[in-house]
Amino acid sequence: MTDDALILEGEAAKAFLEYDSRDLTEEEKESLKKAREYYKSKCKS
Amino acid sequence: MKMISVPWISLRQMVRIRLALTSLQKEKLSNNRANKLAVVYVVRYNKNMAAYFTVSMSSINVEHLDRKEKVEHATPIRYPAMLLGQVGVDKKHRGKGIGADICNFCMGLAQEVGERIACRYIILQTSIGKTSLYEKMGFSISPKPPVNNKIWMYRKFV
């Protein structure tokens, strides 16, 4: 069972905002690019 | 060969492939699909059903805090996110990289959706001690205290 939305406050909110404000690394960009290519290769809709 | 099918298969089919769904999970899957609250995807491995996962739109809601002053009425900021909800992999098919494939598929889907409807994150909840796969896939653990042994993880793609 899961909740449907993530609500952050306090230190968790600060940690998230720091994460959100940084740029993606080249490694992250590359993995996202590969993920998108994988999705396109598998999507049947 | 792994194939991911666009929804939907019946719950009866899921029971047949013994994904160890509880009755509550089956009911939730059925209700979510019927009410368009989540979409269910199926993973086939050599034409056999091996796993399923659900996706839906969600958000990360954050209260901005002033570093120097206490803000009594903080305005929450909403970051659109795709929720990777329930994930189940048949025990016979574990260890074959299906979990990683599901993550890659969802990250690709979220980026595609983000071209049409705002989507900045992919988020999920998982049990404490079951984060290694998602950490390998680039997800970060939220320091938000766990609830019912569940923690949140997120990954951005912009």
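Every chain is numbered on its own, with residues counted from 1 as its sequence reads. Think of it this way: whatever chain is written first is A, whatever ligand is written first is 1, and the rest follow in order. Restriction of local features to residues with pLDDT of at least 70 applies here, the model being predicted, together with a cutoff of 80 or more for giving and counting side-chain atom pairs; totals for whole chains, interfaces and linings are based on all residues.

Trainee: Please clarify how the overall build of chain B should be interpreted in this entry.
Mentor: In terms of helices and strands, chain B carries four helices and seven strands. Helix and strand definitions follow DSSP, with helices as H or I runs of at least four residues and strands as E runs of at least two, each counted in order from the N terminus. The N-to-C order of helical and strand elements in chain B reads β-α-α-β-β-β-α-β-α-β-β. To sort residues by burial, count the other C-beta atoms lying within 10 Å of each one's C-beta; a count of 20 or more means buried, 12 or fewer means exposed, and anything in between means partly exposed. C-beta atoms are built from the backbone. Across the 158 residues that make up chain B, the buried fraction comes to 36%. Across chain B, contacts joining residues at least 24 apart in sequence account for 58% of those joining residues at least 6 apart. Here contacts are defined at the residue level, using C-beta atoms placed from the backbone and a cut-off of 7 Å between them.

Trainee: Looking at this model, I keep getting lost on the confidence of the model for chain B. Mind explaining?
Mentor: The predicted structure's coordinates, where accompanied by low pLDDT, should not be read in detail. All names here are of chain B. Looking at chain B as a whole, its pLDDT mean stands at 81, while 75% of the residues score no less than 70. What pLDDT reports is the predictor's confidence in each residue, on a scale of 0 through 100. A low-confidence stretch, residues 6-12 (pLDDT under 50), is modelled with twelve contacts involving residues beyond four sequence positions or located in other chains. Confidence drops under pLDDT 50 across residues 14-18; counting only partners more than four residues distant or on other chains, this segment forms seven contacts. Both confidence scores are given for the complex: pTM 0.83, ipTM 0.89.

Trainee: Sorry if this is basic, but what is going on with the nonpolar core here?
Mentor: Where a protein is soluble and globular, its nonpolar side chains tend to be buried together. Throughout this description, the term nonpolar core refers to a group of buried Ala, Val, Leu, Ile, Met, Phe, Trp, Tyr and Cys residues whose C-beta atoms join them within 7 Å. Core analysis: the biggest nonpolar cluster contains 44 residues, and Val55(B), Ile60(B), Ala81(B), Ile102(B), Cys106(B), Ile122(B) and Ile123(B) have the highest contact counts within it. Apart from the residues within four sequence positions on either side, Ile60(B) is in contact with Leu6(A), Leu8(A), Phe16(A), Tyr79(B), Ala81(B), Tyr121(B), Ile123(B) and Tyr154(B).

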